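# Geometric and topological summary
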Amino acid sequence: MNTIVMYTKKQCPLCDEVESLVGLMASSYEIDLEEVDIEQDDRLLEKYMFEVPVLVVNGEEIGYEAIDYLSLEKRLHKKNGG
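The following refers to the structure shown. None of the values given here were measured: they were computed from a predicted structure. (Residues numbered from 1 in each chain as written. Predicted model: local features only at pLDDT ≥ 70, side-chain atom pairs only at ≥ 80, totals over all residues. Heavy atoms only, no water.)

Before going further, it helps to spend a moment on the packing of aromatic side chains. All chains considered together, the criterion is met by one aromatic pair. Arranged with centres 4.8 Å apart and planes meeting at 25 degrees, the rings of Tyr7 and Tyr48 form a pair that is stacked. Separated by 41 residues along the polypeptide, Tyr7 in strand β1 (residues 2-8) and Tyr48 in helix α2 (residues 42-48) bring together distant segments of the chain. An identical accessibility class is assigned to Tyr7 and Tyr48; each is buried. (Phe/Tyr/Trp six-rings, centres within 6.5 Å; stacked < 30°, edge-to-face > 60°. Helix = DSSP H or I, 4+ residues; strand = E, 2+ residues; numbered from the N terminus. Buried < 20%, exposed > 50% of the residue type's maximum accessible area, 1.4 Å probe, protein only.)

Here it is as structure tokens:
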């Protein structure tokens, strides 16, 4: 099982796109997705205010500028023995 934590906030079109990408990947990989609203935690808001969405895939953080199909697939594939 792959674990993905997605740091997000409301009214974030990029977050919606990344959530759709993770949903697409779920058709090929077992994924446990946890969404964390950074606006509910002052520490996270300070850390990620201008950086969302951020994914943590199996413990490895990926900033929004590096999130794409291939980078996500690479990390999910690595977890599954690839």
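Grouped together as the largest cluster of nonpolar side chains are 25 residues, with contacts concentrated most on Ile4, Tyr7, Leu55, Leu72 and Leu76. Looking at this core, the elements that each hand over two or more residues are β1, α1 (13-25), β2 (31-37), α2, β3 (54-57) and α3 (69-79). Per-element accounting of this core gives the leading share, five residues, to α1. Excluding its chain neighbours within four sequence positions, the residues that come into contact with Leu76 are Asn2, Ile4, Met25, Tyr29, Ile31, Val57 and Asn58. (Core = buried A, V, L, I, M, F, W, Y, C linked by side-chain atoms within 4.5 Å. Contact = heavy atoms within 4.5 Å.)

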